[in-house]
Amino acid sequence: MWKKGWKRKNEVEAGGDGAAPSRKFAKKDSDDDGGDDGIVVCQISKNRRVSVRLWQGKVVVDIREFYVKDGKELPGKKGISLPMDQWKVMLDHIDEIDEAVKENS
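Residues numbered from 1 in each chain as written. Predicted model: local features only at pLDDT ≥ 70, side-chain atom pairs only at ≥ 80, totals over all residues. Heavy atoms only, no water.

Caption draft 1: Structural context of the pattern of salt bridges. By the definition in use, this model includes 5 salt bridges. With a closest N to O distance of 2.8 Å, glutamate 65 and arginine 48 form a salt bridge. On the criterion of sequence distance, the pair formed by glutamate 65 in strand E3 (residues 58-69) and arginine 48 in strand E2 (residues 48-55) is long-range, its members being 17 residues apart. Note that arginine 64 is salt-bridged to aspartate 62, the shortest N-O span being 3.1 Å. On the basis of relative accessibility, which here comes to 12%, the residue arginine 64 falls in the buried class. Three or more residues joined by partner-sharing salt bridges are found here, namely Arg53, Asp62 and Arg64. (Salt bridge = Lys/Arg side-chain N within 4 Å of Asp/Glu carboxyl O. Helix = DSSP H or I, 4+ residues; strand = E, 2+ residues; numbered from the N terminus. Buried < 20%, exposed > 50% of the residue type's maximum accessible area, 1.4 Å probe, protein only.)

Take a look at the structure:
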């Protein structure tokens, strides 16, 4: 059965301070990584873009919304980054996707 304070008591005995380690990381400034490392392929609308960029050492196709803050255009949460394997699968099925769009329009 669970005893109140048991874990904290054992941590203090083991030399721990009883506090959980922090899992937060400092945010990187966008200027620290060299700024925008992507190649904008096309602008879909006023605030949506398709770009190819490096993310965590891998090339991805990024379809994303952007917003303006303090005069800078920044990427928003809404979007998708497709790694090369998923991008190639999508390209292999582009004719079927296009056909489905035509049927539903």
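Caption draft 2: Spatial organisation of a negative patch on the surface. A contiguous patch of negative charge, built from Asp92, Asp95, Glu96, Glu99 and Glu103, is present on the exposed surface. Residue contributions to the negative patch peak at 4 residues, all from helix H3 (residues 94-103). Looking at the element boundaries, aspartate 92 is found in helix H2 (residues 84-92). (Patch = residues over 30% accessible without salt bridge, like charges linked within 9 Å, V, L, I, M, F, W, Y side chains within 5 Å. Areas by Shrake-Rupley, 256 points an atom, 1.4 Å probe, with all protein chains shown as cover. Lys, Arg positive; Asp, Glu negative; His and termini not counted. Charge placed at Lys NZ, Arg CZ, Asp CG, Glu CD.)

Spatial relationships are all this shows, so hold off on functional conclusions.
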